[in-house]
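Chain by chain, the residues:
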Amino acid sequence: MQLIGDIRRYKGMSEPVDSGTFLAAEPDFTAWPSVPELYRDFEGDTMRRDHAGYGSYHYFQDTGRNDLVTLKAAHTDHCLYFYAKTKDPITHYTDRHWMMLLIRNRRQHSPGWEGYHYIVNRTVIDRSKALLEHSTGGWNWKASAEIRYFVSGNEMYVEIPLAQLRGDEAPKDRAKGIWIEFKWVDNMQNEGDIADFYLHGDTAPEGRLNFVYKSVDES
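Predicted model only: the values in this text are computed from it and were never measured. Residue positions are counted from 1 within each chain, in the order its sequence is given. Where totals are concerned, whole chains, interfaces and linings use all residues; where local detail is concerned, this predicted model gives features only for residues with pLDDT of at least 70, and gives and counts side-chain atom pairs only at 80 or more. To obtain the side-chain values, all non-hydrogen atoms of the structure were used and water was disregarded.

1. Concerning the packing of aromatic side chains
Piece 1. Any Phe, Tyr or Trp ring, taking Trp's six-membered ring, that has another such ring centre within 6.5 Å forms a pair; planes under 30 degrees apart are called stacked, those over 60 apart edge-to-face, and the others tilted. One pass over the full model with this rule turns up 14 aromatic pairs.
Piece 2. When the ring of Tyr39 is compared with that of Phe182, the centres are 5.2 Å apart and the planes differ by 85°; the resulting orientation is edge-to-face. Taken as a pair, Tyr39 in strand E1 (residues 39-40) and Phe182 in strand E11 (residues 178-186) lie far apart in primary sequence, 143 residues in all.
Piece 3. Here Tyr39 falls in the buried class, since its relative accessible area comes to 11%. In this text, helices come from DSSP runs of H or I with a minimum length of four residues, and strands from runs of E with a minimum of two, each type numbered from the N-terminal end. Three labels apply to residues, based on accessible area from a 1.4 Å probe with only protein chains included: buried if under 20% of the type maximum, exposed if over 50%, partly exposed otherwise in between.

Okay, structure coming up:
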């Protein structure tokens, strides 16, 4: 994180641009290849580790499960959609801490948990429904709405009503469109511990980084 920050300060970086994809209708899996916004994650970082270390140390890690590879996002007038593609078929929805999605609304003022205001799939209802929950402060979550998700092989996407992500946005900010950050997390082991991102399962993007989705194309 320090290296990334220093390189950006030394080399500079281009101004962020509006990159939201507006969909005229609800997507299905055949629609996602045409969505241009593409976020990539390292492939192969869920491999099992079981190896002798220095002296008496032994390194063991077997929490890698769904290897996140390609991520996308898009929206309609009323909903946001987040897509994830994994290396292998996605595991069963009854798995613990399965394919969770963390969301930060950049125009929302409450601190949430480590900057994230919403979480999806912390509570999964069944094979097609889960809860969108909002942070009431730290790792304390309260249900906001029941949302739909869809899984086919190694692909998945979730549908979230935009109104549910507005929080305490001011009316003048709502008119500016969408500006969020998001992060996929699979197989977290220690709830409420941000260091878990570096140790267990898989995250996309890595560590404390987030993907950004920004658009002013709302009607």
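2. Some words on the pairing of strand E4 (residues 68-75)
Piece 1. Judged by how many residues are buried, E4 sits mostly within the fold: eight of eight residues are covered.
Piece 2. Sheet topology places E1 next to E4; two bridges connect them, and they run antiparallel. Note on E4: the bridge partner recorded for Arg40 is Thr70.
Piece 3. Here a strand pair is declared whenever DSSP counts at least two bridges between the two strands. Between E4 and the antiparallel strand that follows it, strand E5 (residues 79-86), lie three residues.

3. With respect to the environment of Asp193
Piece 1. Looking at where Asp193 falls in the secondary structure, it is placed in the loop between E11 and strand E12 (202-204).
Piece 2. With a relative accessible area of 32%, Asp193 lands in the partly exposed category.
Piece 3. Taking the C-alpha atoms as reference points, Asp193 and Arg122, separated by 71 residues in sequence, lie 15 Å from one another.
Piece 4. Two N or O atoms count as a polar contact when they lie within 3.5 Å, although within protein this holds only if one can serve as hydrogen donor and the other as acceptor, and sequence-adjacent residues are included solely when both atoms are side-chain atoms. Of the polar contacts made by the side chain of Asp193, one reaches the backbone nitrogen of Ala195; its length is 3.1 Å.

4. Re the nonpolar core
Piece 1. By size, the foremost hydrophobic cluster in this structure holds 38 residues, and its most contacted members are Phe82, Val158, Phe182 and Trp184.
Piece 2. For this core, the leading source of residues is E5, giving six residues.
Piece 3. Counting residues in hydrophobic clusters, the runner-up holds eleven residues, among them Met100, Leu102, Tyr116 and Val185. Only buried residues count toward a nonpolar core. Its members are Ala, Val, Leu, Ile, Met, Phe, Trp, Tyr and Cys residues joined through side-chain atoms within 4.5 Å.

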